[in-house]
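# Chains, contacts and geometry: an overview
Here is how the chains run, residue by residue.
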Amino acid sequence: VRIAIQPKNPADLPKLIEGMKRMAKSDPLVQVITGENENIIAGCGELHLEICLNDLCNEYTNIEIIKSDPVVPYKETVTEKSSINCLAKSANKHNRIYLDAEPLKDDLVLAIEDNTLNTGDDMKKISKSLQDNYGWDQFESKKVWCFGPDGVGPNVLVDCTKAVQYLNEIKDSMLTAFAWATKEGIVAEELVRGCRYNITDVELHTDAIHRGGNQIIQTARRVYLAAQHTAQPRFVEPIFLVDIACPSDCMGGVYQCFNQRRGVVFSEESVAGTPMLNVKAHLPVSESFGFTAHLRSLTSGQAFPQCMFDHWELINDDPFDSKSRAYPIMMNIRKRKGIKQEVPKLDDYLDKK
(Lines give C-alpha, C1' and ligand atoms only; values in the text may rest on other atoms or scores of the structure.)
Protein backbone atom coordinates (compact mmCIF):
# COMPACT_ATOMS: atom_id res chain seq x y z
CA VAL A 1 0.00 0.00 0.00
CA ARG A 2 1.37 3.39 -0.95
CA ILE A 3 0.78 6.90 0.33
CA ALA A 4 1.95 10.17 -1.25
CA ILE A 5 3.26 12.86 1.11
CA GLN A 6 4.41 16.47 0.87
CA PRO A 7 5.61 19.01 3.44
CA LYS A 8 3.11 21.62 4.67
CA ASN A 9 5.75 24.27 4.09
CA PRO A 10 7.31 23.76 0.60
CA ALA A 11 10.68 25.04 1.85
CA ASP A 12 10.99 21.87 3.99
CA LEU A 13 11.11 19.54 0.96
CA PRO A 14 14.88 18.77 1.24
CA LYS A 15 14.37 17.93 4.95
CA LEU A 16 11.50 15.60 4.04
CA ILE A 17 13.50 13.75 1.38
CA GLU A 18 16.48 13.41 3.72
CA GLY A 19 14.17 12.06 6.46
CA MET A 20 12.59 9.56 4.03
CA LYS A 21 16.03 8.23 3.09
CA ARG A 22 16.98 7.79 6.74
CA MET A 23 13.69 6.03 7.47
CA ALA A 24 14.19 3.65 4.54
CA LYS A 25 17.56 2.63 6.01
CA SER A 26 16.11 1.96 9.44
CA ASP A 27 13.07 -0.07 8.29
CA PRO A 28 13.78 -2.75 5.68
CA LEU A 29 10.06 -3.13 4.88
CA VAL A 30 9.54 0.45 3.72
CA GLN A 31 10.01 1.48 0.11
CA VAL A 32 10.61 5.14 -0.61
CA ILE A 33 10.05 6.55 -4.10
CA THR A 34 10.94 10.18 -4.77
CA GLY A 35 9.75 11.52 -8.11
CA GLU A 36 9.33 14.90 -9.78
CA ASN A 37 5.63 15.23 -8.91
CA GLU A 38 5.23 13.09 -5.82
CA ASN A 39 7.09 11.48 -2.94
CA ILE A 40 5.71 8.07 -2.08
CA ILE A 41 6.11 5.81 0.94
CA ALA A 42 5.14 2.18 0.34
CA GLY A 43 4.49 -0.16 3.25
CA CYS A 44 2.79 -3.50 3.88
CA GLY A 45 -0.55 -2.23 5.17
CA GLU A 46 -2.38 0.65 6.79
CA LEU A 47 -1.02 0.20 10.30
CA HIS A 48 2.57 -0.08 9.07
CA LEU A 49 2.20 3.16 7.09
CA GLU A 50 0.73 4.99 10.08
CA ILE A 51 3.71 4.00 12.20
CA CYS A 52 6.10 5.07 9.42
CA LEU A 53 4.47 8.50 9.05
CA ASN A 54 4.53 9.02 12.80
CA ASP A 55 8.26 8.17 12.91
CA LEU A 56 8.93 10.37 9.90
CA CYS A 57 7.22 13.42 11.49
CA ASN A 58 8.49 13.04 15.03
CA GLU A 59 11.89 11.39 14.74
CA TYR A 60 13.44 11.95 11.36
CA THR A 61 12.24 15.39 10.19
CA ASN A 62 10.28 17.33 12.83
CA ILE A 63 8.15 19.00 10.15
CA GLU A 64 4.43 18.92 9.39
CA ILE A 65 3.35 16.66 6.52
CA ILE A 66 0.29 16.57 4.28
CA LYS A 67 -0.58 13.02 3.23
CA SER A 68 -2.82 11.79 0.43
CA ASP A 69 -5.34 8.97 0.66
CA PRO A 70 -3.70 5.55 0.46
CA VAL A 71 -2.90 4.51 -3.10
CA VAL A 72 -3.06 0.97 -4.48
CA PRO A 73 -0.52 0.11 -7.18
CA TYR A 74 -2.43 -1.38 -10.12
CA LYS A 75 -0.71 -2.96 -13.11
CA GLU A 76 -1.72 -3.05 -16.75
CA THR A 77 -2.03 -6.04 -19.01
CA VAL A 78 -3.54 -7.09 -22.34
CA THR A 79 -6.19 -9.75 -22.89
CA GLU A 80 -6.19 -10.42 -26.66
CA LYS A 81 -3.85 -10.30 -29.62
CA SER A 82 -3.59 -6.85 -31.26
CA SER A 83 -6.45 -6.22 -33.66
CA ILE A 84 -4.09 -4.65 -36.22
CA ASN A 85 -0.38 -4.75 -36.98
CA CYS A 86 0.78 -1.38 -35.61
CA LEU A 87 3.16 0.86 -37.54
CA ALA A 88 5.19 3.83 -36.35
CA LYS A 89 7.51 5.93 -38.53
CA SER A 90 10.52 7.78 -37.15
CA ALA A 91 10.57 11.58 -37.10
CA ASN A 92 12.65 11.75 -40.27
CA LYS A 93 10.24 9.28 -42.03
CA HIS A 94 13.15 7.00 -43.04
CA ASN A 95 12.48 4.12 -40.61
CA ARG A 96 9.33 2.08 -40.00
CA ILE A 97 8.64 -0.38 -37.18
CA TYR A 98 5.73 -2.87 -37.35
CA LEU A 99 4.68 -4.57 -34.14
CA ASP A 100 1.83 -6.33 -32.36
CA ALA A 101 1.12 -7.38 -28.77
CA GLU A 102 -0.50 -10.42 -27.16
CA PRO A 103 -0.99 -11.70 -23.60
CA LEU A 104 1.47 -14.11 -21.99
CA LYS A 105 0.04 -17.25 -20.40
CA ASP A 106 -0.55 -16.97 -16.65
CA ASP A 107 1.73 -19.88 -15.76
CA LEU A 108 4.64 -18.22 -17.61
CA VAL A 109 4.03 -14.85 -15.91
CA LEU A 110 4.04 -16.54 -12.49
CA ALA A 111 7.17 -18.51 -13.36
CA ILE A 112 9.01 -15.28 -14.21
CA GLU A 113 7.78 -13.55 -11.03
CA ASP A 114 8.69 -16.52 -8.80
CA ASN A 115 12.04 -16.80 -10.58
CA THR A 116 11.27 -20.41 -11.58
CA LEU A 117 12.21 -19.24 -15.06
CA ASN A 118 15.37 -17.25 -14.33
CA THR A 119 15.49 -14.38 -16.83
CA GLY A 120 19.20 -13.92 -16.16
CA ASP A 121 20.00 -17.41 -17.48
CA ASP A 122 21.69 -18.21 -20.76
CA MET A 123 19.34 -17.64 -23.73
CA LYS A 124 19.65 -21.30 -24.84
CA LYS A 125 18.42 -22.45 -21.45
CA ILE A 126 15.49 -19.98 -21.50
CA SER A 127 14.61 -20.98 -25.07
CA LYS A 128 14.54 -24.69 -24.15
CA SER A 129 12.38 -23.99 -21.10
CA LEU A 130 9.91 -21.90 -23.16
CA GLN A 131 9.57 -24.73 -25.71
CA ASP A 132 9.31 -27.61 -23.23
CA ASN A 133 7.14 -26.05 -20.52
CA TYR A 134 5.13 -23.30 -22.19
CA GLY A 135 4.57 -24.57 -25.73
CA TRP A 136 6.48 -21.82 -27.55
CA ASP A 137 7.45 -22.13 -31.20
CA GLN A 138 11.09 -23.22 -31.69
CA PHE A 139 11.99 -20.28 -33.96
CA GLU A 140 10.38 -17.63 -31.73
CA SER A 141 11.78 -18.95 -28.45
CA LYS A 142 15.31 -18.47 -29.81
CA LYS A 143 14.56 -14.89 -30.83
CA VAL A 144 13.57 -13.56 -27.38
CA TRP A 145 15.37 -10.22 -27.08
CA CYS A 146 14.71 -9.39 -23.48
CA PHE A 147 12.35 -9.39 -20.51
CA GLY A 148 11.17 -6.15 -19.03
CA PRO A 149 11.07 -3.77 -17.39
CA ASP A 150 14.73 -3.89 -16.28
CA GLY A 151 15.44 -7.32 -17.73
CA VAL A 152 13.50 -9.22 -15.03
CA GLY A 153 9.80 -8.33 -15.39
CA PRO A 154 7.00 -10.52 -16.77
CA ASN A 155 6.94 -8.93 -20.25
CA VAL A 156 8.76 -10.27 -23.29
CA LEU A 157 10.07 -8.71 -26.48
CA VAL A 158 10.31 -11.21 -29.36
CA ASP A 159 11.89 -10.63 -32.75
CA CYS A 160 9.58 -12.32 -35.28
CA THR A 161 11.15 -10.67 -38.34
CA LYS A 162 12.78 -12.52 -41.18
CA ALA A 163 15.88 -11.21 -42.97
CA VAL A 164 15.84 -7.56 -41.89
CA GLN A 165 19.03 -5.61 -42.55
CA TYR A 166 20.79 -3.61 -39.79
CA LEU A 167 18.38 -4.93 -37.14
CA ASN A 168 21.11 -5.58 -34.56
CA GLU A 169 22.27 -1.97 -34.83
CA ILE A 170 18.95 -0.67 -33.45
CA LYS A 171 18.58 -3.42 -30.85
CA ASP A 172 19.79 -1.22 -27.95
CA SER A 173 17.38 1.57 -28.87
CA MET A 174 14.50 -0.94 -29.11
CA LEU A 175 15.35 -2.35 -25.66
CA THR A 176 15.54 1.12 -24.09
CA ALA A 177 12.12 1.97 -25.50
CA PHE A 178 10.79 -1.44 -24.35
CA ALA A 179 11.87 -0.76 -20.75
CA TRP A 180 10.24 2.67 -20.92
CA ALA A 181 6.96 1.39 -22.41
CA THR A 182 6.65 -1.49 -19.91
CA LYS A 183 7.33 0.83 -16.95
CA GLU A 184 4.66 3.27 -18.12
CA GLY A 185 1.81 1.59 -19.98
CA ILE A 186 -0.77 3.30 -22.15
CA VAL A 187 -3.73 3.28 -19.77
CA ALA A 188 -2.36 5.21 -16.79
CA GLU A 189 1.45 4.91 -16.94
CA GLU A 190 1.43 1.98 -14.50
CA LEU A 191 3.73 -1.03 -14.78
CA VAL A 192 2.81 -3.50 -17.51
CA ARG A 193 2.50 -7.20 -16.61
CA GLY A 194 2.05 -10.30 -18.77
CA CYS A 195 2.45 -8.74 -22.21
CA ARG A 196 4.38 -10.10 -25.16
CA TYR A 197 5.45 -7.73 -27.96
CA ASN A 198 6.28 -9.20 -31.37
CA ILE A 199 8.39 -7.18 -33.81
CA THR A 200 6.86 -8.27 -37.12
CA ASP A 201 8.82 -6.13 -39.59
CA VAL A 202 11.30 -3.25 -39.65
CA GLU A 203 12.35 -1.03 -42.54
CA LEU A 204 15.54 0.92 -41.87
CA HIS A 205 17.51 3.58 -43.71
CA THR A 206 20.76 2.30 -45.21
CA ASP A 207 22.73 5.19 -43.76
CA ALA A 208 23.62 4.63 -40.07
CA ILE A 209 23.25 8.33 -39.18
CA HIS A 210 19.53 8.26 -40.03
CA ARG A 211 18.71 5.38 -37.69
CA GLY A 212 20.32 6.52 -34.42
CA GLY A 213 18.74 6.30 -30.98
CA ASN A 214 17.18 9.78 -31.24
CA GLN A 215 15.13 8.51 -34.21
CA ILE A 216 14.37 4.98 -33.00
CA ILE A 217 13.65 5.22 -29.23
CA GLN A 218 10.62 7.53 -29.41
CA THR A 219 9.28 5.68 -32.46
CA ALA A 220 9.62 2.27 -30.82
CA ARG A 221 7.94 3.51 -27.63
CA ARG A 222 5.00 4.83 -29.64
CA VAL A 223 4.54 1.53 -31.43
CA TYR A 224 4.75 -0.50 -28.18
CA LEU A 225 2.02 1.67 -26.64
CA ALA A 226 -0.12 1.49 -29.78
CA ALA A 227 0.19 -2.31 -29.77
CA GLN A 228 -0.93 -2.39 -26.13
CA HIS A 229 -3.86 -0.07 -27.00
CA THR A 230 -5.09 -2.42 -29.75
CA ALA A 231 -4.78 -5.58 -27.61
CA GLN A 232 -7.72 -4.92 -25.22
CA PRO A 233 -5.76 -3.36 -22.31
CA ARG A 234 -7.02 -4.07 -18.79
CA PHE A 235 -5.99 -3.39 -15.19
CA VAL A 236 -4.86 -6.10 -12.79
CA GLU A 237 -5.38 -5.40 -9.10
CA PRO A 238 -3.52 -6.82 -6.09
CA ILE A 239 -5.45 -9.22 -3.83
CA PHE A 240 -4.79 -9.90 -0.14
CA LEU A 241 -5.09 -13.33 1.43
CA VAL A 242 -6.89 -12.73 4.74
CA ASP A 243 -6.50 -15.21 7.55
CA ILE A 244 -9.15 -14.83 10.28
CA ALA A 245 -9.51 -16.57 13.62
CA CYS A 246 -12.97 -16.13 15.13
CA PRO A 247 -15.64 -18.00 17.11
CA SER A 248 -18.21 -19.83 14.97
CA ASP A 249 -21.11 -17.63 16.12
CA CYS A 250 -19.45 -14.55 14.54
CA MET A 251 -19.43 -15.92 10.99
CA GLY A 252 -22.47 -13.83 9.97
CA GLY A 253 -20.52 -10.63 10.62
CA VAL A 254 -17.47 -11.95 8.74
CA TYR A 255 -19.54 -12.78 5.63
CA GLN A 256 -21.33 -9.43 5.82
CA CYS A 257 -18.02 -7.57 5.94
CA PHE A 258 -16.59 -9.43 2.91
CA ASN A 259 -19.78 -9.05 0.87
CA GLN A 260 -19.59 -5.28 1.28
CA ARG A 261 -15.97 -5.25 0.13
CA ARG A 262 -16.00 -7.61 -2.89
CA GLY A 263 -14.21 -10.23 -0.78
CA VAL A 264 -14.58 -14.00 -1.23
CA VAL A 265 -14.39 -16.53 1.61
CA PHE A 266 -13.00 -19.77 0.20
CA SER A 267 -12.22 -21.94 3.21
CA GLU A 268 -13.59 -22.49 6.72
CA GLU A 269 -11.96 -24.95 9.07
CA SER A 270 -12.83 -25.59 12.68
CA VAL A 271 -9.91 -25.75 15.11
CA ALA A 272 -10.13 -29.12 16.86
CA GLY A 273 -11.29 -28.99 20.46
CA THR A 274 -12.20 -25.28 20.45
CA PRO A 275 -15.23 -23.26 19.29
CA MET A 276 -12.90 -21.26 17.00
CA LEU A 277 -12.93 -21.26 13.20
CA ASN A 278 -10.00 -20.59 10.91
CA VAL A 279 -11.29 -18.70 7.86
CA LYS A 280 -9.38 -17.86 4.68
CA ALA A 281 -10.58 -15.27 2.18
CA HIS A 282 -9.43 -13.14 -0.73
CA LEU A 283 -9.87 -9.38 -0.46
CA PRO A 284 -8.91 -6.71 -3.05
CA VAL A 285 -6.26 -4.38 -1.61
CA SER A 286 -8.27 -1.37 -2.80
CA GLU A 287 -11.12 -2.44 -0.48
CA SER A 288 -8.88 -3.15 2.51
CA PHE A 289 -8.69 0.36 3.97
CA GLY A 290 -10.52 0.39 7.29
CA PHE A 291 -11.19 -3.34 6.89
CA THR A 292 -9.87 -4.37 10.32
CA ALA A 293 -11.97 -1.80 12.18
CA HIS A 294 -15.04 -2.68 10.08
CA LEU A 295 -14.67 -6.41 10.74
CA ARG A 296 -14.21 -5.88 14.47
CA SER A 297 -17.29 -3.67 14.68
CA LEU A 298 -19.40 -6.34 12.93
CA THR A 299 -18.09 -9.19 15.11
CA SER A 300 -17.91 -7.15 18.35
CA GLY A 301 -14.13 -7.45 18.39
CA GLN A 302 -13.95 -11.25 18.30
CA ALA A 303 -12.42 -11.75 14.84
CA PHE A 304 -8.67 -11.33 14.37
CA PRO A 305 -7.67 -10.77 10.73
CA GLN A 306 -4.20 -10.94 9.23
CA CYS A 307 -3.58 -9.78 5.65
CA MET A 308 -0.76 -10.64 3.28
CA PHE A 309 -0.33 -10.15 -0.45
CA ASP A 310 -1.45 -13.19 -2.43
CA HIS A 311 -1.85 -12.62 -6.18
CA TRP A 312 -2.87 -10.27 -9.01
CA GLU A 313 -6.36 -10.51 -10.45
CA LEU A 314 -7.71 -9.20 -13.75
CA ILE A 315 -10.37 -6.48 -13.73
CA ASN A 316 -12.47 -7.48 -16.72
CA ASP A 317 -13.93 -4.02 -17.41
CA ASP A 318 -12.59 -1.92 -20.29
CA PRO A 319 -10.88 1.18 -18.80
CA PHE A 320 -11.59 3.17 -22.01
CA ASP A 321 -15.36 2.72 -21.57
CA SER A 322 -16.64 5.62 -19.44
CA LYS A 323 -19.42 3.46 -17.92
CA SER A 324 -17.12 0.69 -16.67
CA ARG A 325 -15.72 0.18 -13.17
CA ALA A 326 -12.13 0.51 -14.44
CA TYR A 327 -12.68 3.98 -15.95
CA PRO A 328 -12.66 5.92 -12.62
CA ILE A 329 -9.56 3.94 -11.55
CA MET A 330 -7.77 5.09 -14.72
CA MET A 331 -8.89 8.70 -14.31
CA ASN A 332 -7.87 8.86 -10.63
CA ILE A 333 -4.38 7.53 -11.38
CA ARG A 334 -3.98 9.91 -14.33
CA LYS A 335 -5.09 12.84 -12.15
CA ARG A 336 -2.68 11.88 -9.39
CA LYS A 337 0.22 11.64 -11.84
CA GLY A 338 -0.67 14.85 -13.63
CA ILE A 339 -1.39 13.18 -17.02
CA LYS A 340 -4.09 14.47 -19.38
CA GLN A 341 -7.59 13.70 -18.07
CA GLU A 342 -8.84 11.89 -21.17
CA VAL A 343 -8.90 8.47 -22.75
CA PRO A 344 -5.63 7.86 -24.67
CA LYS A 345 -6.24 8.10 -28.41
CA LEU A 346 -4.73 5.48 -30.68
CA ASP A 347 -4.07 8.04 -33.44
CA ASP A 348 -1.56 9.84 -31.20
CA TYR A 349 0.69 6.78 -31.31
CA LEU A 350 -0.03 5.17 -34.67
CA ASP A 351 1.09 6.25 -38.14
CA LYS A 352 -0.81 5.62 -41.32
CA LYS A 353 0.75 3.36 -43.92
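The following paragraphs examine the structure supplied in this document. (Residues numbered from 1 in each chain as written. Predicted model: local features only at pLDDT ≥ 70, side-chain atom pairs only at ≥ 80, totals over all residues. Heavy atoms only, no water.)

## Quick word on the sheet that holds strand β1 (residues 2-7)
Taking strand neighbours across the sheet as the criterion, the four strands line up as β2-β3-β1-β4 in an open arrangement whose pairing is antiparallel. The open sheet terminates on both sides in strands that have one partner only, identified here as β2 (31-34) and β4 (65-71). On average, each strand axis in the sheet is inclined to that of its neighbour by 25°, with strand direction left out of account. Here five bridges tie β1 to β4, and the two strands are oriented antiparallel to one another. Directly across from Ile 5, in β4, lies its bridge partner Lys 67. Lying over the sheet, helix α1 (residues 13-26) contacts β1, β2, β3 (39-42) and β4, oriented at roughly 20° with respect to β3. (Pairing = 2+ DSSP bridges. Helix = DSSP H or I, 4+ residues; strand = E, 2+ residues; numbered from the N terminus. Axes fitted to C-alpha atoms, helices over the stretch in contact; angles between N-to-C directions. Contact = heavy atoms within 4.5 Å.)

## Structural notes on unusual backbone geometry
The phi dihedral of Asn 62 falls on the positive side, at around 55°, and the residue is not glycine. For Asn 62, the position within the fold is in the loop between α2 (46-61) and β4.

## What about the sheet that holds strand β7 (residues 96-103)?
In space, the five strands of this open sheet follow the order β6-β7-β10-β9-β8, with mixed pairing throughout. Of all strands in the sheet, those bounded by a partner on one side alone are β6 (86-89) and β8 (144-148). Geometrically, the sheet is characterised by an average inter-axis angle of 25° between neighbouring strands, direction not taken into account. Here β7 runs beside strand β10 (residues 195-203); their pairing, made up of eight bridges, is antiparallel. When the sheet's bridge partners are listed, Ala 101 is paired in β10 with Tyr 197.

## Observations concerning the pattern of salt bridges
Under the definition given, this model contains 13 salt bridges. For Glu 203, the salt bridge identified is with Arg 96, shortest N-O distance 3.9 Å. Of the two residues, Glu 203 is situated in strand β10 and Arg 96 in strand β7; the sequence distance between them amounts to 107 residues. For Glu 102, the salt bridge is made with Arg 196, and the minimal N-O distance between the two is 3.9 Å. Of the two residues, Glu 102 sits in strand β7 while Arg 196 sits in strand β10, which places them 94 residues apart along the sequence. The two residues Glu 102 and Arg 196 agree in class, both being buried. (Salt bridge = Lys/Arg side-chain N within 4 Å of Asp/Glu carboxyl O. Buried < 20%, exposed > 50% of the residue type's maximum accessible area, 1.4 Å probe, protein only.)

## Looking at the nonpolar core
Counting residues in each nonpolar core, the largest one holds 77 residues, and the members touching the most others are Ile 41, Tyr 197, Tyr 224 and Phe 235. If you tally residues by element for this core, the top one is helix α7 (residues 213-229), at seven residues. (Core = buried A, V, L, I, M, F, W, Y, C linked by side-chain atoms within 4.5 Å.)

## Things to note about the pairing of β6
Burial along β6 is two-sided: Cys 86 and Ala 88 and Leu 87 and Lys 89, pointing in opposite directions, are all buried. Note: β6 against β7, four bridges, orientation antiparallel. Its bridge partner being in β7, Cys 86 is matched across the sheet by Leu 99. Between β6 and β7, which pair antiparallel in sequence order, lie six residues; one of them, Lys 93, sits at a positive phi of approximately 65°.

## With respect to the state of the cysteines
What is meant by a disulfide is a covalent connection between two cysteines, made through their sulfur atoms. The full count for this structure, using the stated rule, is zero disulfides. There is no disulfide at Cys 57, and the cysteine sulfur nearest it, in Cys 52, is 11 Å away. Here Cys 195 stays free of any disulfide, with the sulfur of Cys 86 as its closest cysteine sulfur at 11 Å. Classification of Cys 195 by relative accessible area gives buried; the value is 0%. (Disulfide = S-S within 2.5 Å.)

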